[in-house]
Amino acid sequence: MIDDKKEFVKKFVLQNGSFFDGPINVGSVMGKIISQEPDFKSNIPELKETIINVSKEINSLSKEERKKELEKIAPELLVKEKKEEGGLSELSGAEEGKVVTRFAPSPTGPLTLGQFLRAVMLSYAYAKKYNGKFILRIEDTDSKKIKLEFIKWMKEDLRRCGIEPDQIVHQSERMEIYYDHVGKLIEGGKAYVCTCSAEAFRGLKNQLEDCQCRKKTLQENKDEWKKMKEGTFSDGEAVLRLKTSMQDKNPVMRDPPIFRVNKGSHPLQGIKYNAWPLYNLSCAVDDYKLGITHVFRGKEHEHNTSVQNVIYDFFKWKKPVVLNFGMISFPGTVQHSREMRELVDSGKATGWDDPKLPTIRALLRRGFAPEALKSFALSCGLSKNDIQSSWENLEAANKKIIDPIANRYMIVKDPVRIPIKNAPEISFIEEPLHPDKPEKKKIPVDLESVFISGDDFKKLKGKNVRLKGLFNIKLDIVSEYSGNEITREMPKIQWVSVPNVNVNIIYPGKTEEAIGENSMKNLSVNDIIQMERVGFGRIDKKEEMIDIVFGHK
């Protein structure tokens, strides 16, 4: 919901005027606004009138004056929408060798596909595009939600995807920096300690009434801030608030909290600290202190940007360019770490790398190549619009990479034994491991013990079929050799004889037992293979049985 429609419209009017000379193109601005906020469709006449009125003010400005005005209120809109190779547009204010970006996850779970496709890849790719610096900043200030294993996994997941940060920062190691800046905010009258209950403050906030705690003297705030740090207050008894205005038209801007009491033991810091920063304080301070020039964040953080700008203005810091992006979602897939945690905790998922979960760990386990994830992310580019993608699109990107390297093997599910009579004597055949490779594999043949899938047997019983690489048979409980001529119409099916190997195929939500051709015993863990007429998979474990995690068709 837009709190100030005129100011929102003004940004896009200025954007249009910054890219083009002459009068503002009302139709172009209208289309841009509706693409960003579809709710405006409900009152097109009002929107058009607002654009016209705002344009009257802007038309008198020169192109350069329009740019300067836009840079003050929405510098991210100076990004030109011209797409380059890889889906990356030019960045406003980007200088070769001076761009600094960051990926700043809270370690409440391992790296997710949504995080990787947007926050990770946009930040990383743009830093590389301009030969800049990419920082991994672990936002580990909430001891009740974070875990050390999640911190470890996030670093590991990035490394496995070929992404090496230029610098790694843990916010829990920067507490004294936050304390120093909070002290200055209190001294400057820009922050106060609030001891109202959450419910009481919510009521005041909704009624646009000032909290009595705002009237505390400087000394009272300093004393109570000291108590917060020392642990005199219990969790929830006091918060430090940024003093803005309780009458602000944007509810988020009504004295937002920036520090809270959290007396739990921290995985890295133990019980050293009792007062911990909230997102907007630590984010603003770190983005400035680490020299971040461009921030890529989800559009749901737009209100947070407004809060952080208050902190930037107080310290007279130069603001980074903030670029908001929409979410990339996949149908039928949980999106958030909270939902995934519920599945893991309830036992509905076997772990954070369960094939049904959209975590990077799960996708790598299924045999998705990091290069495929990267290329897919870049193809989506930088857009504020939410994107409803499909697994087929991501799978196509992965197939393009793994198909040339995945050796082929025959797998039979629900095996049915079909002895073959009247066939020429044969003990083995040789087949290529891959259509484009010279290497051959030997497949043993025992005519008394040939197996095909139960599904093929039901569908094709009584028909002439081709056993792939072998010969033709008339399929029955006891099948009969029917020649070796290959015809286009004849069904071609995979088969396995003895000796063979036992296989588990691990799908999202189920596991199926099967048998595979004997040459599979030479496979190693992490090998990516294609199971004939089944799909691609990755060798997950190799013991008495070979576990294969199914990737996709």
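Note that this is a predicted model, so its numbers are computed, not measured.

Trainee: So what's going on with the overall build of the protein? Residues and values would help.
Mentor: Along the protein, the regular secondary structure elements total 16 helices and 27 strands. On C-alpha atoms alone, the protein measures out to a radius of gyration of 31 Å, which is more than a quarter above the 24 Å that the 2.2 N^0.38 rule sets for 553 residues. Dimensions of the protein, computed from the C-alpha atoms along their principal axes, are close to 100 × 60 × 45 Å. When each of the 553 residues of the protein is scored for burial, the buried share is 52%. In the protein, the proportion of contacts linking residues at least 24 apart, taken out of those at least 6 apart, comes to 68%. A gap of 2 Å separates the mean positions of the 90 positive and 81 negative side-chain charges of the protein.

Trainee: Summarise the sheet that holds strand β3 (residues 167-170); cite the residues concerned and give the values.
Mentor: The strand order across the open sheet built from three strands is β1-β2-β3, with neighbouring strands paired in parallel fashion. Edge positions in the open sheet fall to β1 (100-103) and β3, since each of these has one partner strand only. Ignoring strand direction, the axes of neighbouring strands in this sheet form an average angle of 25 degrees. One ladder, built from four bridges, connects β1 with strand β2 (residues 133-138); its direction is parallel. Each residue of the ladder has a partner; that of R102, found in β2, is I135.

Trainee: Tell me about the state of the cysteines, and name the residues and values.
Mentor: The full count for this structure, using the stated rule, is zero disulfides. In this structure C161 is not part of a disulfide, and its nearest cysteine sulfur, from C380, lies 16 Å away. Since its relative accessible area comes to 1%, C161 is described here as buried. Summary of cysteine pairing: C213 is not part of a disulfide, and the nearest cysteine sulfur, belonging to C211, is at 3.7 Å. Its relative accessible area of 7% is what places C213 among the buried residues.

Trainee: Pulling in residues and values, what's your account of the sheet that holds strand β21 (residues 479-483)?
Mentor: Ordered in space as β15-β21-β20-β19-β22, the five strands form an open sheet in which the pairing is mixed. Both edges of this open sheet fall to β15 (420-421) and β22 (492-493), since each of them pairs with a single strand only. Two elements, β15 and β21, share two bridges in a ladder whose sense is parallel. Looking at the pairing, K421 lines up with E480 of β21.

Trainee: Which residues make up the packing of aromatic side chains, and what values do they have?
Mentor: Under the criterion given, the structure shown has 18 aromatic pairs. Summarising the aromatic geometry, the rings of Y273 and W276 are spaced 5.8 Å apart at their centres and angled 80 degrees between planes, so their arrangement reads as edge-to-face. Grouping aromatic residues by their ring pairs yields a cluster made of Y179, W225, F259, Y273 and W276. Over the face of the ring belonging to W391 we find R366, whose NZ or CZ atom lies 5.7 Å from the ring centre. Residue placement shows K510 over the ring face of Y507; its charged tip is 5.3 Å from the ring centre.

Trainee: So what about the side chain of T101? Which residues, and what values?
Mentor: Along the chain, T101 turns up in strand β1. Residue contacts for T101: discarding those within four places in its chain leaves S123, Y124, A127, K133, F134, I135, I292, H294 and F296.

Trainee: How would you sum up the environment of R214? Please name residues and give values.
Mentor: As for its placement among the helices and strands, R214 is situated in the loop between α8 (198-206) and α9 (218-230). Taking C-alpha positions, R214 is 9.4 Å from D255, a pair spaced 41 residues apart along the chain. Not counting chain neighbours up to four residues away, the residues in contact with R214 comprise Y192, K243, T244, S245, M246 and D255.

Trainee: Before we move on, can you summarise the pattern of salt bridges with the specific residues and values?
Mentor: Applying the stated rule across the entire model yields 34 salt bridges. For D210, the salt bridge goes to R214, with nearest N and O atoms at 3.9 Å. Of the charged contacts in the structure, one is a salt bridge between D403 and R408, with a shortest N-O distance of 3.0 Å. Where salt bridges share partners, they join R102, R137, E139 and D287 into one cluster.

Trainee: An account of the pairing of strand β4 (residues 191-194) is requested, with residue identities and associated values reported.
Mentor: Neither face of β4 is exposed, since A191 and V193 on one face and Y192 and C194 on the opposite face are all buried. Pairing of β4 with strand β5 (residues 239-242), which is carried by four bridges, proceeds in the antiparallel orientation. By the bridge assignment for β5, A191 is matched with L242.

Trainee: Talk me through the confidence of the model for the protein; I want residue IDs and the actual numbers.
Mentor: Low pLDDT means the predicted atomic positions in that stretch should not be read closely. Confidence along the protein averages 93 in pLDDT terms, with 96% of residues attaining 70 or more. Confidence drops under pLDDT 50 across residues 81-85; counting only partners more than four residues distant or on other chains, this segment forms eight contacts.

Trainee: Describe the environment of V99, naming the residues involved and giving the relevant values.
Mentor: Structurally, V99 can be placed in the loop between α4 (63-73) and β1. With relative accessibility at 1%, the residue V99 sits in the buried group. Linking V99 and I292, residues 193 residues apart in sequence, is a C-alpha distance of 7.6 Å. Excluding its chain neighbours within four sequence positions, the residues that come into contact with V99 are A94, Y126, A127, Y130, G132, K133, T293 and H294.

Trainee: Summarise the packing of helix α5 (residues 113-129) against helix α14 (residues 370-380); cite the residues concerned and give the values.
Mentor: Interaxial distance between α5 and α14 falls to 9 Å at its minimum, and their mutual angle equals 75 degrees. In this view, α5 runs roughly perpendicular relative to α14, as classed from their interaxial angle. Between α5 and α14, the residues in contact are L113, F116, L117, R118, M121 and A125 and L373, K374, F376, A377, L378 and C380, respectively. The residue makeup of the contact of α5 with α14, split by class, is ten nonpolar, no polar and two charged.

Trainee: Talk me through unusual backbone geometry; I want residue IDs and the actual numbers.
Mentor: V498 connects to P499 through a cis peptide bond whose omega is -5 degrees. On the secondary structure map, P499 appears in the loop between β22 and β23 (500-507). Phi is positive for K316, which is not a glycine, with a value near 60 degrees. By the element assignment, K316 lies in the loop between α11 (302-315) and β9 (321-325). Unlike most non-glycine residues, N422 shows phi in positive territory, near 65 degrees. You can see N422 is positioned in the loop between β15 and β16 (428-432).

Calculation rules
Starting afresh in each chain, residues are numbered from 1 along the sequence in its written order. Whole-chain, interface and lining totals are the exception, using all residues; otherwise, since this is a predicted model, local features are given only for residues with pLDDT of at least 70 and side-chain atom pairs are given and counted only at 80 or more. For the side-chain quantities, the full set of heavy atoms in the structure was used; hydrogens and water were omitted. Starting at the N terminus, helices and strands are each numbered in turn, a helix being any DSSP run of H or I of at least four residues and a strand any DSSP run of E of at least two. C-alpha atoms define the radius of gyration in this analysis, and the globule rule sets the expected value at 2.2 Å times the number of residues to the power 0.38. Exposure is judged per residue with a 1.4 Å probe applied to protein chains only, and the accessible area is read against the type maximum: over 50% gives exposed, under 20% gives buried, and values in between give partly exposed. In this analysis, two residues are considered to be in contact whenever any of their non-hydrogen atoms come within 4.5 Å of each other. Positive: Lys, Arg. Negative: Asp, Glu. His and the chain ends are not part of the count. To locate a charge, take atom NZ for lysine, CZ for arginine, CG for aspartate or CD for glutamate. Pairing between strands is defined by DSSP: at least two bridges between them are needed. Angles here are taken between N-to-C directions and fall from 0 to 180 degrees, while the axes themselves are lines fitted to C-alpha atoms, restricted in helices to the stretch in contact. Note on terminology: disulfide denotes any pair of cysteine sulfur atoms within 2.5 Å. Any two of the Phe, Tyr and Trp rings considered here, Trp counted by its six-membered ring, make a pair once their centres fall within 6.5 Å; the pair's planes then place it as stacked at under 30 degrees, edge-to-face at over 60, or tilted in between. Only when the NZ of Lys or the CZ of Arg is both within 6 Å of the ring centre and within 35 degrees of the ring normal is a charge said to sit over the ring. We define a salt bridge as a contact between a side-chain nitrogen of Lys or Arg and a carboxyl oxygen of Asp or Glu at a distance within 4 Å. Here pLDDT means the predictor's own confidence in every residue, given as a number from 0 to 100. Between 65 and 115 degrees an angle is taken as roughly perpendicular, under 35 as roughly parallel, over 145 as roughly antiparallel, and anywhere else as oblique. Ten residues, namely Ala, Val, Leu, Ile, Met, Phe, Trp, Tyr, Cys and Pro, are considered nonpolar, four, namely Asp, Glu, Lys and Arg, are considered charged, and the remaining ones, Gly among them, are considered polar.

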